[in-house]
Amino acid sequence: MNPVLHGLAANPSLPPEAVDRLIALADADLADILACRPDLGRDQAVALVARVEDSAVRLAYEGRLIAADIDPVVHPQVALALLDRRAGRPERARLFAADPDGERRAKLAACPGLPPDVVERLAADPDVHVVAELAWWASLDVAARLAGHPYAEVRRAVAANEATPAGTLAALITGAGLPPALHCLVCDREEIPFTHDPHCPRLDCDLLPGASCDGSHESVTHDTGLAALQNPATPTGATVHFAEHPSLLLRRALAARPDLPPAVCRRLAADPVPGVRADLAANPAIDDDLIRVLAQDRDPDVRRSLMYNPRVPLDVLTHLAGTTKTGESLLPRIGTASATETEGLARSPHPAVRMFVARRRDLPAGVRDALAADPDAKVVKSIAPHPGLSAAQLRSMADRHGIRVLAQVAANPDAPPELLEELALHDPPTRKALREIARHRRATAPALLACLENGRARPVAARHPALPPPVIVGLLDDSDPQVAEAAAANPSLPPQVMLELVRRGACPAEDGLGRGVASWGASPTSAMRWIGRRASG
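Only a predicted model underlies this, so the values are computations on that prediction, with no experimental measurement involved.

A. Highlighting the overall build of the protein chain. When its secondary structure is counted, the protein chain shows 37 helices and two strands. Its C-alpha atoms give the protein chain a radius of gyration of 30 Å, more than 25% over the compact-globule value 24 Å for 537 residues. Principal-axis analysis of the C-alpha atoms places the extent of the protein chain at approximately 85 × 70 × 40 Å. As presented, the protein chain carries roughly 24,800 Å² of accessible surface, and 55% of it is formed by carbon and sulfur atoms.

Structure follows, in structure tokens:
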């Protein structure tokens, strides 16, 4: 791996002629980066395939190739990728439907918009994996027909398909109206009853860990129920009996469905497993009475999930705020609070509640400013990145609360350049703040130079376009390959340096290109003179 070449390949300012030179140098890793360039032309894409065949699939998915560019016999995976993007030719779909390679037929079966005759051929494929793949993505009528397939694995795939008719999904759960499944992959291969060892030592075995069959294909039947429960198209009435099922996975999947009747919600609220109650607690289907019951649950995960329920009453949320920890994301109910509710929450005597409100990024100016002046550091940390705060407010936060809020102040999109410089030079240095400054659009060269002193912030700062070109050049032979790659990807790297690096195969240490700027502290004037001399030969 050459980090400088990789960085150059991702550099948005790379001259077109340098792109051509990189294509000529490309290995698999470099080709993968080049394939994602938005300015890569079709001729360049074809040249890249000629250089690195493995890049062709990525190029096809990126829309850089068309069917005329590819011979399906030579590049079957690329032709399949084009079919997957609806950019292939129907005759090629027919070619792959008859391919002796089952993996290719399965890949074809997952492609959208296949000709009807190809779909029919795949639906009758002798390989159950191919038919199951088709069943995952099939249209309504094909899915309904495959629900009666003799293999249980195909039925499981039908149960996961959101295009499957509701009546068919109900039948897959109850079995009513469908012939019994005759086979599964377990009983096809093993003498039943059989349970597959999760640590099976056989290298040629592809059965899933724990797969089992006693004649009822129980492991696949279980997974069919799970797929149906997770499918929003499955009718509610067909799912409610799972509330009493011994499988924890099935009860949890049921508890997360947003269409549960109240009686089923009450049954699940009494489930002995906290995970089931936690999934139910986050479900907007539960009513206020049940919310208040779950708010008293002894398990912290249940209470935490309840706080993320978009329908939790604000008084319940306020009650839970002081005893239940949440992550740093905005709680849904806080995000939808009305203007009156928001003002009331912002005046709460509980700092945790004010902190929740401060996570919003659309607060009225008066509420925002009041929270910015809050005496609690947790509240200030949450409000500090809010847009619209003035430089004086941000500086006041930093002065009042110090290192506890510096990273969040530095993350504010409106933080002025001079404040970022002050934060970058703060003593003691704040690592999180330096990383925020290193990626800030308003960061200046002095602030970025300070960020380069920190190992975690250094690769981020090396990519910032405000970094002086001589400094960027000096980072090309940094001992940390991440830093060197980031410097090479910096759009402010002088074009003549990019061309020189590509011409020499990106070896700044060997050629002295990086050492010409002795370090990031080199004089910009002398460094630029040196670069000009080197680039001109």
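B. Looking closely at helix α30 (residues 431-438). The set of residues buried in α30 consists of Ala433, Leu434, Arg435, Ile437 and Ala438. Elements in contact with the buried residues of α30: α28 (406-410), α29 (417-424), α31 (445-451) and α32 (458-462).

C. Representation of the environment of Arg277 within the structure. For Arg277, the position within the fold is in helix α18 (residues 274-281). Owing to a relative accessible area of 12%, Arg277 belongs among the buried residues under this scheme. Counting along the chain gives 20 residues from Arg277 to Asp297, while the straight-line C-alpha distance between them is 8.9 Å. Residues contacting Arg277, with those up to four places away along its chain left out, are Leu268, Ala269, Asp271, Pro272, Asp297, Asp299 and Val302.

D. Looking closely at unusual backbone geometry. With an omega of 0°, the peptide bond running from Ile192 to Pro193 counts as cis. Along the chain, the position of Pro193 falls in the loop between α14 (185-189) and β1 (194-195). Asp427 connects to Pro428 through a cis peptide bond whose omega is 5°. Its location among the elements puts Pro428 in the loop between α29 and α30. In the Ramachandran plot, Arg86 falls in the positive-phi region, its phi being about 60° despite a non-glycine side chain. Looking at the secondary structure, you find Arg86 in the loop between α6 (76-84) and α7 (90-97).

E. Structural context of the packing of helix α2 (residues 16-25) against helix α4 (residues 42-51). Closest axis-to-axis distance for the α2/α4 pair is 8 Å, and the angle between their directions is 20°. Viewed along their axes, α2 and α4 adopt a mutual orientation that is roughly parallel. Contacts between α2 and α4 involve Pro16, Val19, Asp20, Ile23, Ala24 and Leu25 from the first element and Gln44, Ala47, Leu48 and Arg51 from the second. Of the residues assigned to the contact of α2 with α4, the class counts are seven nonpolar, one polar and two charged.

F. Structural detail: the side chain of His440. Along the chain, His440 turns up in the loop between α30 and α31. Each residue touching His440, except ones within four places of it in the same chain, is listed here: Ala410, Asn412, Pro413, Ala415, Leu420 and His464.

G. Expanded view of the packing of helix α16 (residues 248-255) against α18. Their axes nearest at 8 Å, the elements α16 and α18 cross at an angle of 15°. When the interaxial angle is binned, α16 and α18 end up roughly parallel. Here α16 and α18 pass one another in a crossing that is right-handed. Judged by residue contacts, Leu248, Arg251, Arg252 and Ala255 of α16 engage Gly275, Val276, Asp279 and Leu280 from α18. Each residue belonging to the contact of α16 with α18 can be placed in one class, and the counts come to four nonpolar, one polar and three charged.

H. Region of the structure containing the environment of Asp289. Within the secondary structure layout, Asp289 lies in helix α19 (residues 288-294). C-alpha of Asp289 to C-alpha of Pro115: the two residues are 174 residues apart in sequence and 53 Å apart in space.

I. Helix α25 (residues 365-372), seen in detail. Burial in α25 covers these residues: Val367, Arg368, Leu371 and Ala372. Along α25, the residues classed as buried sweep out an arc of 135° about the axis, all on the same side. Facing away from the buried surface of α25 by more than 90 degrees, the exposed residues are Gly366 and Ala370. For α25, the elements touching its buried residues are α23 (339-346), α24 (351-358), α26 (377-383) and α27 (391-401).

J. Summary view of the side chain of Thr224. For Thr224, the position within the fold is in helix α15 (residues 218-229). Given the relative accessible area of 7%, Thr224 is considered buried. Setting aside its immediate chain neighbours within four residues, Thr224 contacts Ala152, Arg155, Arg156, Ala159 and Leu172.

K. How the structure looks around a positive patch on the surface. Side chains of Lys381, Arg431, Lys432 and Arg456 sit close together on the surface and give a patch of like positive charge. As for its position among the elements, Arg431 is in helix α30.

L. Looking closely at the pattern of salt bridges. For the structure on display, the rule yields 30 salt bridges. Here Asp206 and Arg189 are joined by a salt bridge, their closest N and O atoms 2.3 Å apart. Within this pair, whereas Asp206 is found in the loop between β1 and β2 (212-213), its partner Arg189 is found in helix α14, the two being separated by 17 residues in sequence. Using a relative accessible area of 48% as the deciding quantity, one classes Asp206 as partly exposed. For Arg251, the salt bridge identified is with Asp271, shortest N-O distance 2.6 Å. Here Arg251 is found in helix α16, whereas its partner Asp271 is found in the loop between α17 (262-269) and α18, with 20 residues between them in sequence. With respect to burial, Arg251 and Asp271 carry one shared label: buried. Among the ionic contacts, a cluster of salt bridges with common partners joins Asp99, Asp101 and Arg104.

About the criteria used
- Residues numbered from 1 in each chain as written.
- Predicted model: local features only at pLDDT ≥ 70, side-chain atom pairs only at ≥ 80, totals over all residues.
- Heavy atoms only, no water.
- Helix = DSSP H or I, 4+ residues; strand = E, 2+ residues; numbered from the N terminus.
- Rg over C-alpha atoms; globule rule 2.2 N^0.38 Å.
- Areas by Shrake-Rupley, 256 points an atom, 1.4 Å probe, with all protein chains shown as cover.
- Buried < 20%, exposed > 50% of the residue type's maximum accessible area, 1.4 Å probe, protein only.
- Contact = heavy atoms within 4.5 Å.
- Axes fitted to C-alpha atoms, helices over the stretch in contact; angles between N-to-C directions.
- Parallel < 35°, antiparallel > 145°, perpendicular 65-115°, else oblique.
- Nonpolar A, V, L, I, M, F, W, Y, C, P; charged D, E, K, R; others polar.
- Left-handed = near helix turned anticlockwise from the far one by under 90°.
- Arc of directions from axis to C-beta.
- Patch = residues over 30% accessible without salt bridge, like charges linked within 9 Å, V, L, I, M, F, W, Y side chains within 5 Å.
- Salt bridge = Lys/Arg side-chain N within 4 Å of Asp/Glu carboxyl O.
- Lys, Arg positive; Asp, Glu negative; His and termini not counted.
- Charge placed at Lys NZ, Arg CZ, Asp CG, Glu CD.

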